[in-house]
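These are the residues of each chain, in order.
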Amino acid sequence: MTHTQPSTRPRFSNNLHWSHTNTGHGSTTHSGRPQKTPAPIYRHAAPSGPWPWMDLESDIMALDTESITLDRQSMEGNSPWRGYPQSLFGNWVGERVKRCKMVENCSKDSREKCRIYYVDVLKDGKFKPATEDNGPLDVDERALGQLWDTKLQTKPTGLRLRVLLIDNMKHPVLQMLGTRNRYNIEPFFFTSSLNWIPSRYQEEVVSKKGDHITVTLLFVRTVSWEPAGASSQHKHILDDTKAIDTQESLPLRSVHSSAKKYLLQDLLALHMIRSSDPSGSTIISYHPSAQWNRTTAERLYNLVHKVGESVYWQKIFEQSKDPTFVFLAILWYALYAWDESLEHLYAHMNWLETNVLLTNDSHLTTELHTIQAQLLHYASLLEDFKKSVTFVRNTPSPVLESREFTDSARRDTNKLMRKECDNLLSEIDRLGFQLRNITDLAKATVNFVDSRRMQDLTTAAVRDSAAMKQISYLTMIFLPASFIAAVFGMNVREINQGGTETFANYAGVSVAFTVLTAWLVVAFQSHSPFHEANVGFWRRLAWPYLYVTRSTGLRQSLTGQPVGVI
């Protein structure tokens, strides 16, 4: 276990520049663009579901008969966390752990160092400055026992809150965090985080003692991406033959910079242990491994320290001892990311609309339909964000009922929490209104493109109609002459003295074949006003008789009423 010296001042960049050689679990990568996130499986998001990671179609018998055995050896010695989650949650048998990819989705690349950042909030609400003593921990997997004993098993007193932020989480670190005394974290926090599933729930509620709350939400963020090779500015990013996938990142071709801009889904996964213990409460923040290139623990660590420098929030921390306010402040990171993303997306939509007016590029229509699908998905993510903030507002800490809080302090804390949650919800509503405006603009642009295409088709149809009219005029000129020539060329005695047939025979045969043709044409039609719909072919052959005899046939047509269904 080693300490990494922090810089004198926390630093973070506005945009992350990524490499393009990553491969991720549960997703596919595409050259020149960030990898997509896996589609969330919402039924496995919270512990309220009684069948975690179970397939009802095929597992109803298999999981009933699966034995629940614990590795007792792993529970002994210096590694009491090795049996997690089965050691604490007996129904999480090996097959469930395998399906939820709790092990598979953890960082396994030896080049990715697991690093733990932590921010301490003192009893008076002030944030402990970043120094060498509380710098980030580089986890040495060969000395995990020492990490467990010195840093995770014990925590100094005199703290209101400790925020743990983990980069490149390894499976043993996950097990230690889940098993640590006072934690006993439900595996659903890790599985929802590792599988990018939005969730929010409360657990381990003990009156006047504390509880656990979890919020896992997806949000949209603008990032820079440097593709593998230089591509032409006129090369179309979208593949017209590819199905629309809302888990993919959205390219912003309107933003001119050295690196391409993308809108992609990012993850904010927070688990808070609210406790009346003298050592304070704890927030655990999970961050996807380096191969995902999403928000890192270092970036959020710097932002959390910035919260401690905010005069507005520092007054809140001084007014109330409830550490949930730090949890709420971290949620503002998602709102900032949403706001910046929608600004770029609105500029991109204006750029698309201008190009649609000036050009007739079919690729723009494909891009517009892709954006429409993404906007619908973004609306659902924003709604999840709103529900998460509402959940925090409606889930007060049980610690507020303890003797540590007087009745007046409890009322003031609840009032202040509602006020700050309402402030954040108001901003989310503003984002929702902005998102609806962008959606309406996208619909209007698509309708304009469709209208212009319909206008082009109408113009082409008018041109074809004019051409057919000219052909009709020519036919009208030659039709009388053609008819007279056909009549005088008939081989009948009335016209040609050497003819072998009579005009009566010609008329009789013509009428007979005309009637036969009309009879067969109507019989071969599945829908016709002369017979009932959805009847067999042999019944349709008798349509002349049935048409005359049925009450809705000839009688109805003689009275001027509509007949049948065409």
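Everything numeric here is computed off the predicted structure, so don't read it as measured data.

A.B. asks: Sorry, what's going on with the overall build of the protein chain here?
C.D. replies: Along the backbone of the protein chain there are 14 helices and 9 strands. Across the 566 residues of the protein chain, 46% fall into the buried class. Residue pairs in contact within the protein chain that sit at least 24 positions apart in sequence constitute 74% of those at least 6 positions apart. Per element, the accessible surface of the protein chain, about 29,300 Å² overall, is 56% carbon and sulfur.

A.B. asks: Hey, could you run me through the packing of helix H8 (residues 324-358) against helix H10 (residues 407-488) in this one?
C.D. replies: What describes two packed helices is the angle between their axes and the distance between those same axes. The N-to-C vectors of H8 and H10 enclose an angle of 15 degrees; their axes lie 10 Å apart at closest approach. As summarised for this structure, H8 and H10 are arranged roughly parallel, according to the angle between their axes. By crossing handedness, the relation of H8 to H10 is classed as left-handed. Residues of the contact of H8 with H10, tallied by class, amount to 24 nonpolar, 6 polar and 7 charged.

A.B. asks: How should I be thinking about the side chain of histidine 287 in this particular structure?
C.D. replies: Its place among the elements puts histidine 287 in the loop between strand S9 (281-286) and helix H6 (297-309). Relative accessible area serves as the criterion here: at 2%, histidine 287 is assigned to the buried category. Within the local environment of histidine 287, its side chain forms a polar contact with the side chain of serine 285, the two groups lying 2.8 Å apart.

A.B. asks: Hey, could you run me through the nonpolar core in this one?
C.D. replies: For soluble globular proteins, nonpolar side chains are generally found buried alongside one another. Within the largest apolar cluster, 109 residues are counted, with the highest numbers of intra-cluster contacts made by Leu331, Trp338, Tyr378 and Phe385. With 18 residues, H8 is the single largest residue contributor to this core. When neighbours within four sequence positions are excluded, phenylalanine 385 is seen to be in contact with Leu217, Leu331, Ala334, Leu335, Trp338, Leu424 and Ile428. Formed by 5 residues, the second largest nonpolar core is a distinct cluster that contains Val522, Ala523, Leu541 and Trp543.

A.B. asks: What should I look at first to understand the packing of aromatic side chains in this one?
C.D. replies: What characterises a pair of aromatic rings is the spacing of the ring centres plus the angle enclosed by the ring planes. Summed over all chains, the structure comprises 15 aromatic pairs. Ring centres of phenylalanine 219 and tyrosine 333 lie 5.6 Å apart, and the angle between their planes is 80 degrees; on these two criteria the pair is classed as edge-to-face. Of the two residues, phenylalanine 219 sits in strand S6 (residues 210-225) while tyrosine 333 sits in helix H8, which places them 114 residues apart along the sequence. The same class applies to phenylalanine 219 and to tyrosine 333, which are both buried. For the pair phenylalanine 524 and phenylalanine 537, a centre-to-centre distance of 5.1 Å together with 45 degrees between the ring planes defines the contact as tilted. In this pair, phenylalanine 524 sits in helix H11 (residues 503-524) while phenylalanine 537 sits in helix H12 (residues 537-541), placing the two residues 13 residues apart along the sequence. The class of phenylalanine 524 is exposed, set by a relative accessible area of 59%. Residue classification places phenylalanine 537 among the partly exposed residues on the basis of a relative accessible area of 29%. An aromatic cluster of three or more residues is present, and its members are Tyr84, Phe89, Phe189 and Phe190.

A.B. asks: Is there a simple way to think about the pattern of salt bridges in this case?
C.D. replies: Side chains that differ in charge, positive against negative, can pair when their charged atoms come close. In this structure the tally under the stated criterion is 16 salt bridges. Lysine 126 is the partner of glutamate 318 in a salt bridge, and the nearest nitrogen-oxygen pair spans 3.9 Å. Linking glutamate 318 in helix H7 (residues 311-319) with lysine 126 in the loop between strand S2 (115-122) and strand S3 (137-138), this pair joins segments that are 192 residues apart in sequence. On the basis of relative accessible area, glutamate 318 is assigned to the partly exposed category, the value being 49%.

A.B. asks: What am I meant to see in the packing of H7 against H8 here?
C.D. replies: Put simply, H7 and H8 touch, their axes get as near as 10 Å, and they point 160 degrees apart. For the element pair H7 / H8, the angle class is roughly antiparallel. Relative to H8, the crossing made by H7 is right-handed. Along the contact surface, H7 presents Trp313, Ile316 and Phe317, while H8 presents Phe325, Val326, Leu328, Ala329 and Trp332. By residue class, the composition of the contact of H7 with H8 is 8 nonpolar, no polar and no charged.

A.B. asks: Even after reading the chapter, I still don't get H7, so can you show me in this structure?
C.D. replies: Note on helix geometry: an α-helix contains 3.6 residues per turn, so any two residues three or four positions apart are oriented the same way. Buried residues of H7: Trp313, Gln314, Ile316 and Phe317, and no others. Seen end-on, H7 carries its buried residues on one side only, within an arc spanning 155 degrees. Residues of H7 that are exposed and point over 90 degrees away from its buried face: Val311 and Gln319. Against strand S4 (159-167), H6, H8 and H10 lie the buried residues of H7.

A.B. asks: What should I look at first to understand unusual backbone geometry in this one?
C.D. replies: Of all residues except glycine, most have a negative phi; of all peptide bonds, most are trans. The phi torsion at tryptophan 53 lies on the positive side, around 50 degrees, for a residue other than glycine. Relative to the elements of secondary structure, tryptophan 53 occurs in the loop between strand S1 (2-3) and helix H1 (62-65). In this structure, glutamate 204 takes a positive phi of about 50 degrees despite not being glycine. Structurally, the position occupied by glutamate 204 is in strand S5 (residues 199-206).

A.B. asks: Explanation requested: the confidence of the model for the protein chain in the structure shown.
C.D. replies: For any part of a model where pLDDT is low, the fine detail of the predicted coordinates should not be relied upon. Overall, the predicted model of the protein chain reaches an average pLDDT of 79, with 81% of residues at or above 70. When pLDDT is averaged over each helix and strand of the protein chain, the minimum, 42, is found for S1 and the maximum, 93, for H7. Low pLDDT (under 50) marks residues 1-31, which in the prediction has 84 contacts with non-local residues, meaning those over four places away or in another chain.

What counts, and where the lines are drawn
- Along every chain, residues carry numbers that run from 1 in the direction the sequence is written.
- Local features in a predicted model are, by the rule used here, given only for residues with pLDDT of at least 70; side-chain atom pairs are given and counted only at 80 or more, and totals for whole chains, interfaces and linings are based on all residues.
- Calculated side-chain values reflect all of the structure's heavy atoms, with hydrogen atoms and water omitted.
- Only DSSP runs of H or I reaching four residues or more are called helices, and only runs of E reaching two or more are called strands; each is numbered from the N terminus.
- Note on exposure labels: buried denotes an accessible area under 20% of the residue type's maximum, exposed denotes more than 50%, and partly exposed covers the range between, all computed with a 1.4 Å probe on protein chains only.
- In what follows, a contact means two residues having at least one pair of non-hydrogen atoms within 4.5 Å.
- Only the protein chains shown count as cover for residues, and the accessible areas themselves come from Shrake-Rupley with a 1.4 Å probe.
- A fitted line through C-alpha atoms serves as each axis, taken over the contacting stretch for helices, and the angle formed by two N-to-C directions is quoted from 0 to 180°.
- Angles are sorted into four bins: roughly parallel if under 35 degrees, roughly antiparallel if over 145, roughly perpendicular if 65 to 115, and oblique for all others.
- For any helix crossing, the convention is left-handed if the near helix is rotated counterclockwise from the far helix by under a right angle, and right-handed if that rotation is clockwise.
- When residue character is reported, Ala, Val, Leu, Ile, Met, Phe, Trp, Tyr, Cys and Pro are called nonpolar, Asp, Glu, Lys and Arg charged, and the others, Gly included, polar.
- For the purposes of these results, a polar contact is taken to be a pair of N or O atoms within 3.5 Å, where, inside protein, one atom must be able to donate a hydrogen and its partner to accept one; residues adjacent in sequence count only when each atom of the pair is a side-chain atom.
- For this analysis, a nonpolar core means a set of buried residues of the types Ala, Val, Leu, Ile, Met, Phe, Trp, Tyr and Cys, connected via side-chain atoms within 4.5 Å.
- Ring geometry is summarised as follows: Phe, Tyr and Trp rings, the Trp one being its six-membered ring, pair when their centres sit within 6.5 Å, and such pairs are stacked at plane angles under 30 degrees, edge-to-face over 60 and tilted between the two.
- For this document, the term salt bridge refers to a Lys or Arg side-chain nitrogen within 4 Å of an Asp or Glu carboxyl oxygen.
- The reported arc concerns the directions from the helix axis to the C-beta atoms and nothing else.
- Residue-level confidence of the predictor, termed pLDDT, takes values from 0 up to 100.

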